[in-house]
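# Residue-level structural notes
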Amino acid sequence: MEYKQAFELIAGKVEEELTKSGYTRQKVAAESGDELVALFTGENLAYSVAYIIDKQQMVLRSCAMTDEGPDNEWKTLATWLYDDVVSTQKDAESIANDFIEGVSGAVAIKRAKQVQKKKKKSDDGNADPKFLAKRFVAYFPELREEIRSEEDCYYPFRGATFAKEHIVPKISSYLKSSNSKATEKLAGVFNTQYNNGDFDTRSIITMVLCNGLEDEEFEKLCEYLNEETERAVRAGRKFRGREVKPEKPKKKKSPSRASSLLNQ
């Protein structure tokens, strides 16, 4: 199989796999005729599939994303020799399967988590939805295993979905029988996390946790919320039962040239 056909077959299969995780294939043009490049960008990571013509190599690489696009500090994940004089479609499919394995599953999830942790070193320290979920483990110990299962099966952490499915029912049951002292202590978690939380965390508190409670439970909790938190959750209560469209993520700036992709 001719190398251009092989490259498109491999890049196409990798694109199909990455699309499942929210990645987008970007339009890039090689500066010279020395390589073919396909670029895929996600929230935290970018992947590239390249064919180095003079070396007859198919290469899979990854790097971290910034607000401006890939940071171009590429790490090689896999390299295969592809000589279209002797290589066949079967060889191209084997390379595609290896690349797919490299961008999916547990290894890829771990890679994405490591990049996120690296980026968080420079953030403002605001508590995220996973941090919020862990604050309730003291009240509901079974959440520890449920959080671990969520981390193993999904990336990024599905904060709103996890809160709705695992935390809301527990809080609802807790408030049905809690005394004033226990309710006040639980409300303290809401106050602290709303104050320290990022935008997503605050939205989960107002639109998911509190709006998931029945009126009696909600009012019981509100008795012990501070002024800021109570004002926010009561404002969010007006949207209970209504579908709210999520905020569209900011578009990443797409690079127009691919020559820098292959510089290490």
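The text that follows walks through the structure, step by step, so that each part is easy to find. Here the structure is a predicted model, which is why all the values come from computation and not from measurement.

A few words on the overall build of the protein. When helices and strands are counted, the protein shows 10 helices and six strands. Working note: accessible area of the protein is about 15,400 Å², and carbon and sulfur atoms make up 48% of it.

Quick look at the packing of helix α1 (residues 3-19) against helix α2 (residues 89-103) now. Interhelical geometry of α1 versus α2 gives an angle of 30° and a closest axis separation of 9 Å. Between α1 and α2, the angle falls in the class roughly parallel. As for the relative orientation of α1 and α2, their crossing is right-handed in sense. Touching A6, L9, I10, K13, V14, E17 and L18 of α1 are Q89, A92, E93, I95, A96, F99, I100 and V103, all from α2. Of the residues belonging to the contact of α1 with α2, the class tally is 11 nonpolar, one polar and three charged.

Counting residues in hydrophobic clusters, the biggest one holds 32 residues, and the most contacted among them are F136, I167, I171, F190, L209 and L221. For this core, the secondary-structure elements that each account for two or more residues are α4 (129-135), α5 (143-153), α6 (159-177), α7 (180-196), α8 (199-210), α9 (215-222) and α10 (227-237). Of the residues forming this core, the biggest block, six residues, is contributed by α6. Those residues in contact with F136 that lie beyond four places of it in its chain are L143, I167, I171, L186, V189, F190 and L209. Membership of the second largest hydrophobic core comes to 28 residues, among which are L45, M58, A78 and A96.

Here the focus is the pattern of salt bridges. With the rule as written, the count across this model stands at 14 salt bridges. The closest approach of N and O atoms between E228 and R202, which form a salt bridge, is 3.9 Å. Highlighted residues: E228 in helix α10 and R202 in helix α8, separated in sequence by 26 residues. Look at the salt bridges and you will find they share partners, linking E8, E15 and R25 into a network.

Before going further, it helps to examine the packing of aromatic side chains. Taken as a whole and judged by the stated rule, the model has seven aromatic pairs. Note on Y23 and Y47: the rings are 5.6 Å apart at their centroids and 55° apart in plane angle, and the pair reads as tilted. Here Y23, found in the loop between α1 and β1 (24-26), pairs with Y47, found in strand β3 (residues 45-52); they are 24 residues apart in sequence, far enough to count as distant. A centroid spacing of 5.8 Å and a plane angle of 90° characterise the contact between F140 and Y174, whose relative ring orientation is edge-to-face. Residue F140 is located in the loop between α4 and α5, and its partner Y174 is located in helix α6; the two are separated by 34 residues in the primary sequence. We classify F140 as buried; its relative accessible area is 5%. Each member of the aromatic cluster is reached from another via a ring pair, and the members are Y139, F140 and Y174.

A few words now on α8. The α-helix advances 3.6 residues per turn, and as a result positions three or four apart in sequence lie on the same side. With 12 residues, α8 extends 16 Å from end C-alpha to end C-alpha; this agrees with the ideal 16 Å at 1.5 Å per step. Looking at the buried residues of α8, the elements they touch are α4, α6, α7, α9 and α10. Sitting at the amino-terminal end of α8 is D198, which places a side-chain oxygen 3.3 Å from the backbone nitrogen of D200.

Turning next to the packing of α5 against α6. The angle between the axes and the distance between the axes are what describe a pair of packed helices. Running from N to C, α5 and α6 point in directions that differ by 175°, and their axes come no closer than 12 Å. When the axis of α5 is compared with that of α6, the two are roughly antiparallel. Where α5 approaches α6, its residues L143, E146, I147 and E150 are matched on the opposing element by F162, H166, I167 and K170.

An ideal rise of 1.5 Å per residue puts 21 Å on 15 residues; α2 measures up with 21 Å between its terminal C-alpha atoms. Looking only at α2, the buried set comprises A92, I95, A96, F99, I100, G102 and V103. Projected onto a plane normal to the axis of α2, the buried residues spread over an arc of 155° and lie on a single side. Facing away from the buried surface of α2 by more than 90 degrees, the exposed residues are K90 and E101. Of the residues trailing α2, G105 is marked for its positive phi of about 80°.

Calculation criteria
Residues numbered from 1 in each chain as written. Predicted model: local features only at pLDDT ≥ 70, side-chain atom pairs only at ≥ 80, totals over all residues. Heavy atoms only, no water. Helix = DSSP H or I, 4+ residues; strand = E, 2+ residues; numbered from the N terminus. Areas by Shrake-Rupley, 256 points an atom, 1.4 Å probe, with all protein chains shown as cover. Axes fitted to C-alpha atoms, helices over the stretch in contact; angles between N-to-C directions. Parallel < 35°, antiparallel > 145°, perpendicular 65-115°, else oblique. Left-handed = near helix turned anticlockwise from the far one by under 90°. Contact = heavy atoms within 4.5 Å. Nonpolar A, V, L, I, M, F, W, Y, C, P; charged D, E, K, R; others polar. Core = buried A, V, L, I, M, F, W, Y, C linked by side-chain atoms within 4.5 Å. Buried < 20%, exposed > 50% of the residue type's maximum accessible area, 1.4 Å probe, protein only. Salt bridge = Lys/Arg side-chain N within 4 Å of Asp/Glu carboxyl O. Phe/Tyr/Trp six-rings, centres within 6.5 Å; stacked < 30°, edge-to-face > 60°. Expected span 1.5 Å × (residues − 1). Polar contact = N/O pair within 3.5 Å; in protein donor to acceptor, adjacent residues only side chain to side chain. Arc of directions from axis to C-beta.

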